[in-house]
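Fold and contact review
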Amino acid sequence: MIKVVKFGGSSLANAEQFRKVADIIRAEEARRYIVPSAPGKRFSEDSKVTDLLYECYSSKKADFGRKLEEIKERYNEIIRDLGLDLSLEKEFQTMEACFIGKAGRDYAASRGEYLNGIVLANYLGYEFIDAAEVIFFDEQGNFDADKTNKILSERLSTVERAVIPGFYGSMPNDTIKTFSRGGSDITGSIVARAVSADLYENWTDVSGFLVADPRIIPNPAVITTITYRELRELSYMGATVLHEDAIFPVRKEGIPINIRNTNAPEDMGTMIVESTSKKSEYTITGIAGKRGFTSVSIEKDMMNSELGFGRKVLEVFEKNGISFEHVPSGIDTMGVIIQQSEFEKKEQEILAGLHRNVQPDSIEIISDMALIAVVGRGMKSNRGTAGRIFSALAHARVNVKMIDQGSSELNIIIGVNDEEFEAAIKAIYDIFVTAKL
Ligand code: ASP
């Protein structure tokens, strides 16, 4: 049994967190390959080391020294508090020289994980493997999955236990490149694929994915099992815990991801799987939503028999560089839901374009719309889910502006007025989770 274990920044923010991490790793023999993030916030107003590194790298001479000291002190404090016999002085000197020599923003940011990896490897007594030697990007800066998988799996086949820092790798010209922010999740997934892990554990500071946003629903239930497809729907609509790109490497190999909480290791967290026969506890798996959409609704008599109508409508949006989210349509109407901020920039061009392209009878614009996605693999086999959603919304006096059911029957998207966004989410949560209907 092999587990790849990734720890986020808050799990490695100080010595106390390092101790929890070591306890977790030592609790299971299978936890052999460890992927750390850079130290995160120790308290809410604190800075993440990654942010300090970006700032330091781009700071003027006068601030540079002070910022560098602040970064060094973050590591030295951890080393001291853990009582380690380790000095990063040489690494700090190299880093300083490379900053002055303008080795790049990505290089700068990557030092957060690099240095943390050295400290963690020392503390655990595990081998340290620099991600620059095993994670590769191509000339265009895209992640090179084949090269990485080959070299990384070969390298790890001879190493029993190792720490591989997250977030970065190297380019063909040996410069350092990072993934986008939160990218250590991706490294964990890549390592899990390379060693054909049985499980990819991703340890963070929450006990898994929540059924709804805790800023709207106090203490929401935790999702115990979610499929990759459900997760994708929820993440797209704004639920974040895991970097979206972290799914692909493990999904290819059918390796499940387990989201766990470093501060509550007894919680089982959320399992993310390809497919499951397990019913979700509730009819729905999760609710997520986003504000800031506009609906442009085009009406024209006999629209449904006009060949190419939809294409001509969408062409206008395409030509203005706007991608659409949903296209609900009726017999003589067609709506296009787009992001409001994008639409506002191009409003008049789009309206003129629509008049020119399809000569509509009328165009109605509704702004300040919020979209809510109700996601659940259970919806397919449960009758009346939509009915329950809409009666709950009616009871809560929420006016539904748009409905769209994905063709996979995995989600129902509902458009409501911005002011009714929270009330709508509460109503849906209550009916499915609180009342367990
Ligand atoms: N340290 C990086 C960031 O703050 C990467 C990560 O934590 O995953 O984005």
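Everything below is about the structure shown above.
Scope of this entry: the structure provided in the associated data block. (Residues numbered from 1 in each chain as written. Predicted model: local features only at pLDDT ≥ 70, side-chain atom pairs only at ≥ 80, totals over all residues. Heavy atoms only, no water.)

What follows deals with the packing of aromatic side chains. All chains considered together, the criterion is met by nine aromatic pairs. Aromatic pair Phe7 and Trp203: ring centres 6.1 Å apart, planes at 25°, arrangement stacked. Pair noted here: Phe7 is in strand E1 (residues 3-7) and Trp203 is in strand E7 (residues 199-204), with a separation of 196 residues, a long-range link. You'll find Phe7 and Trp203 in the same group, each marked buried. Sitting over the face of the ring of Phe137, Lys177 holds its NZ or CZ atom 5.8 Å from the ring centroid. (Phe/Tyr/Trp six-rings, centres within 6.5 Å; stacked < 30°, edge-to-face > 60°. Helix = DSSP H or I, 4+ residues; strand = E, 2+ residues; numbered from the N terminus. Buried < 20%, exposed > 50% of the residue type's maximum accessible area, 1.4 Å probe, protein only. Lys NZ or Arg CZ within 6 Å of the ring centre and 35° of its normal.)

The next subject is the side chain of Thr178. Structurally, the position occupied by Thr178 is in strand E6 (residues 176-178). Look past the residues within four positions of Thr178 in its chain and what remains in contact with it is Asp106, Ala109, Ser110, Phe137, Phe167 and Tyr168. (Contact = heavy atoms within 4.5 Å.)

Moving on to the site of the ligand. Lining the immediate surroundings of the ligand are Ser37, Lys48, Thr50, Glu113, Phe167, Arg181, Gly182, Gly183 and Ser184. Within the contact set of the ligand, an oxygen atom lies 3.0 Å away from a side-chain nitrogen or oxygen of Lys48. At 2.7 Å from a nitrogen atom of the ligand is found a side-chain nitrogen or oxygen belonging to Glu113. Isolated, the ligand exposes 270 Å² of accessible area, and the fraction of that covered by the protein chains is 94%. In terms of residue class, the shell around the ligand is built from one nonpolar, five polar and three charged. (Near = heavy atom within 4 Å. Polar contact = N/O pair within 3.5 Å; in protein donor to acceptor, adjacent residues only side chain to side chain. Areas by Shrake-Rupley, 256 points an atom, 1.4 Å probe, with all protein chains shown as cover. Nonpolar A, V, L, I, M, F, W, Y, C, P; charged D, E, K, R; others polar.)

Moving on, we get to helix H8 (residues 228-236). In an α-helix there are 3.6 residues to a turn, and that puts residues three or four apart on one side. If you check which residues of H8 are buried, you get Tyr228, Glu230, Leu231, Leu234 and Ser235. The arc that holds every buried residue of H8, seen down its axis, measures 155°, which confines them to one face. Residues of H8 that are buried in the fold lie against strand E8 (225-227), helix H9 (247-253), strand E9 (257-261), strand E10 (270-273), strand E11 (286-299) and strand E13 (362-375). Positive backbone phi, approximately 110°, marks Gly238, located one or two places after H8. (Arc of directions from axis to C-beta.)

Taken together, the side chains of Glu299, Asp301, Asp361 and Glu364 make up a negatively charged region of the molecular surface. The topology assignment puts Glu364 in strand E13. (Patch = residues over 30% accessible without salt bridge, like charges linked within 9 Å, V, L, I, M, F, W, Y side chains within 5 Å. Salt bridge = Lys/Arg side-chain N within 4 Å of Asp/Glu carboxyl O. Lys, Arg positive; Asp, Glu negative; His and termini not counted. Charge placed at Lys NZ, Arg CZ, Asp CG, Glu CD.)

This paragraph deals with the sheet that holds strand E15 (residues 411-417). Across the sheet, which stays open at both edges, the five strands sit in the order E12-E11-E13-E15-E14 with antiparallel pairing between neighbours. Edge strands, defined here as strands with exactly one partner in the open sheet, are strand E12 (333-339) and strand E14 (400-405). Strand after strand, the sheet turns through a mean of 35° between neighbouring axes, direction not considered. Two elements, E11 and E13, share 11 bridges in a ladder whose sense is antiparallel. Residue pairing for E13: Ile287 is matched across the bridge by Val374. Set on the sheet, helix H10 (residues 309-319) makes contact with E11 and E12; between it and E12 the angle comes to about 25°. (Pairing = 2+ DSSP bridges. Axes fitted to C-alpha atoms, helices over the stretch in contact; angles between N-to-C directions.)

Turning next to the packing of helix H2 (residues 49-57) against helix H3 (residues 61-82). Where H2 meets H3, the closest approach of the two axes is 9 Å, and the angle between their N-to-C directions is 155°. Considered as vectors, H2 and H3 are oriented roughly antiparallel to each other. Seen from above, H2 lies across H3 with left-handed handedness. Residues Val49, Leu52, Leu53, Glu55 and Cys56 of H2 form the contact with H3, whose participating residues are Phe64, Lys67, Leu68, Glu70, Ile71, Arg74 and Tyr75. (Parallel < 35°, antiparallel > 145°, perpendicular 65-115°, else oblique. Left-handed = near helix turned anticlockwise from the far one by under 90°.)

A few words on the pattern of salt bridges. Under the counting rule described, the total for this entry stands at 26 salt bridges. Salt-bridge contacts for Glu201 lead to Lys3; the nearest nitrogen and oxygen are separated by 3.2 Å. Pair noted here: Glu201 is in strand E7 and Lys3 is in strand E1, with a separation of 198 residues, a long-range link. On the basis of relative accessibility, which here comes to 0%, the residue Glu201 falls in the buried class. A salt bridge links Arg181 to Asp51, with the shortest nitrogen-to-oxygen separation between them at 3.0 Å. On the criterion of sequence distance, the pair formed by Arg181 in the loop between E6 and helix H7 (184-194) and Asp51 in helix H2 is long-range, its members being 130 residues apart. Look at Asp51 and you get partly exposed, because its relative accessible area is 26%. Here the salt bridges do not stand alone but share partners, grouping Lys3, Glu28, Arg31 and Glu201 into one network.

A word on the pairing of E11. Of the strand pairs in this sheet, E11 and E12 are connected by seven bridges, and their pairing is antiparallel. Across the sheet, Ile298 pairs through a bridge with Met334, a residue of E12.

Turning next to the packing of H3 against helix H5 (residues 105-124). With their axes 11 Å apart at the nearest point, H3 and H5 run at an angle of 10° to one another. The pairing of H3 with H5 is recorded here as roughly parallel in orientation. Contacts from Tyr75, Ile78, Ile79 and Leu82 of H3 reach H5 at Arg111, Gly112, Leu115, Asn116, Val119 and Tyr123. Considering only residue class, the contact of H3 with H5 consists of seven nonpolar, two polar and one charged.

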